[in-house]
Amino acid sequence: MPDEDHSSDSEPKKKRERHNCCVPQCTEVKNESNHLHSVPKDPVLRKKWAIAIKTGKELTLSMNVCSKHFDKSDYFPSNGPNKKPKLKRNVIPSKCLPVRSHDRCEPSPVKRRKQARSDRAAKRSIWCNNFSDAEAGSNNENEAPEQEGQNDMFFENTNTVGGEEWMDVLQMADLEPRDRKKLVEIGVQVGDDLSSLVISITETDKKLKSATGLHSVQLLDSLTKCAEEIAPDNPCKKLHMNTKSRILLTMMKIKLSISFSSLAVLFDLTVQTCCNYIYDMIAILSKILKCMIFWPSKEQVLMNMPKCFRGFGKTRVVLDCYEIPIGKPKCIVCRVKTYSHYKKGHTAKISMNITPTP
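Values in this document were obtained by computation on a predicted structure and should not be read as measured data. Position labels on residues start from 1 in each chain and follow its written sequence. The predicted nature of this model means local features are confined to residues of pLDDT at least 70 and side-chain atom pairs, given and counted, to a pLDDT of 80 or more, with totals for whole chains, interfaces and linings taken over all residues. Calculation of side-chain values draws on the structure's entire complement of heavy atoms; hydrogens and water are dropped beforehand.

1. A few points about the overall build of the protein chain
- Per the secondary structure count, the protein chain includes 14 helices and seven strands.
- Put simply, the protein chain has 358 residues, and 26% of those count as buried.
- It only takes one pair of heavy atoms within 4.5 Å for two residues to be counted as in contact. For the protein chain, the share of sequence-separated contacts (at least 6 apart) that also reach a separation of at least 24 residues comes to 56%.
- In short, Shrake-Rupley with a 1.4 Å probe defines the accessible areas, and a residue's cover is counted only from the protein chains shown. When the accessible surface of the protein chain is totalled, it reaches about 26600 Å², and 55% of it is carbon and sulfur. Working definition: helices are DSSP H or I runs of at least four residues, strands are E runs of at least two. Numbering for both runs from the N terminus. Residue exposure (1.4 Å probe, protein chains only): buried if accessible area is under 20% of the type maximum, exposed if over 50%, otherwise partly exposed.

What follows is the structure in structure tokens.
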């Protein structure tokens, strides 16, 4: 048999050339107007190229970068129109580079908070300067009546505490000018005026009961008084709502099971502030209402036992469970514990003990 010709096997295989650009987010290919340039063989320069084009990995010698990413000054002057432009030594791609999601064009949150604090400080300094000018004008005995009227309007427009204007408070208190300034600043931060929503809820007992579950406005006033005695408001702490409004906010959450975001919109608060107010007020109300939970004696239970339970003489309490819908917890273990197949969602389980009372 004649020998087979194996010359084709001995020929080296041609490498497959890449005709596309390796820069991320670049879809350019090789054509007459767009040329491809090989990655430099120098490892130091190649690393600079990889950092510039943001590939996130090392470049290989088979990769190419198109001329779209180079400036005109990066090329040698061309000798002819048909010749491929040649790059200068040690040039790096600098045009049309990819934009990553974590490349921030705006200031960081820390810088934004710092700028916001400086803006608030500037506003406070302007307000204090205006207050000092008004106070100096009011202490001047030779001042014109028109200027005195302006100062009176300045004090009358400030917030009120307990129905008394700040002007009367400052006149009654024998304080230094610096202490007066602090007192007025505290009064501006904390306001006792109820919003229109709170006023509409507290108009009648029927509206109050349907919104909060409280039977009367008198009961609300009593709870407010007790809450102020147990946990008085800190004058140095900035509060957007008084004690009565925070109690209404908390009771509406318990009674109607409204989401925090909805309550924040109704009471003109942020969601986080709304959550903080409700959590703090629940702890205060638990101390006030704890004394109202009592356990009846055996004689009282037997005396008020319903007819359907008369045959069960040893019955003292009826157990019941109530589920309140909650948000999806972040913890996986909490998700498993709070998920309810009956309610088809995450709920908080509350066990209730019911006893017959007179």
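On we go.
2. Things to note about the packing of aromatic side chains
- Planes of paired rings set the category: under 30 degrees apart is stacked, over 60 is edge-to-face and the rest tilted, where pairs are Phe, Tyr or Trp rings (Trp by its six-membered ring) whose centres lie within 6.5 Å. Under the counting rule described, the total for this entry stands at three aromatic pairs.
- For the pair phenylalanine 70 and tyrosine 75, a centre-to-centre distance of 6.4 Å together with 70° between the ring planes defines the contact as edge-to-face. Comparing phenylalanine 70 with tyrosine 75 shows no difference in burial state: the two are buried.
- For the pair phenylalanine 260 and tyrosine 279, a centre-to-centre distance of 6.0 Å together with 70° between the ring planes defines the contact as edge-to-face. You can see phenylalanine 260 sitting in helix H11 (residues 260-266) and its partner tyrosine 279 sitting in helix H12 (residues 271-289), a full 19 residues away along the chain.

3. Observations regarding the side chain of asparagine 34
- Positionally, asparagine 34 belongs in the loop between helix H1 (7-10) and strand E1 (36-38).
- For asparagine 34, a relative accessible area of 5% gives the class buried.
- At 3.3 Å, the side chain of asparagine 34 forms a polar contact with the backbone oxygen of valine 29.
- Those residues in contact with asparagine 34, other than ones at most four positions away along the chain, are Glu28, Val29, Cys66, Ser67 and Lys68. Any pair of N or O atoms that falls within 3.5 Å is considered a polar contact. Within protein, one atom must be able to donate a hydrogen and the other to accept it, and sequence-neighbouring residues count only if both atoms are side-chain atoms.

4. Topic: the pattern of salt bridges
- A side-chain nitrogen of Lys or Arg and a carboxyl oxygen of Asp or Glu constitute a salt bridge if their distance falls within 4 Å. Inspection of every chain in the model, using the stated rule, returns three salt bridges.
- Between lysine 207 and glutamate 203 there is a salt bridge whose closest N-O contact spans 2.8 Å.
- Judged by its relative accessible area of 39%, lysine 207 is partly exposed.

5. Digging into the sheet that holds strand E7 (residues 345-354)
- In this description, strands pair whenever DSSP reports at least two bridges between them. Pairing within the open sheet is antiparallel, and its three strands lie in the order E5-E7-E6. Two strands close off the open sheet at either side, each with one partner strand: strand E5 (318-325) and strand E6 (339-340).
- The pairing of E5 with E7 spans eight bridges and is antiparallel. In the sheet register, proline 325 faces E7, and the bridge partner there is threonine 347.

6. Digging into the side chain of serine 340
- Among the secondary structure elements, serine 340 is positioned in strand E6.
- Among the polar contacts made by the side chain of serine 340, one reaches the side chain of glutamate 323 at a distance of 2.9 Å.
- Each residue touching serine 340, except ones within four places of it in the same chain, is listed here: Glu323, Gly345, Thr347 and Lys349.

7. Examining unusual backbone geometry
- The phi torsion at glutamine 25 lies on the positive side, around 70°, for a residue other than glycine.
- Tracing the backbone through its elements, the reader meets glutamine 25 in the loop between H1 and E1.
- Using a relative accessible area of 61% as the deciding quantity, one classes glutamine 25 as exposed.
- Positive phi values are uncommon outside glycine, yet lysine 54 reaches one of about 60°.
- Among the structural elements, lysine 54 can be located in the loop between helix H2 (43-53) and strand E2 (64-66).
- The exposure class of lysine 54 is partly exposed, given its relative accessible area of 27%.

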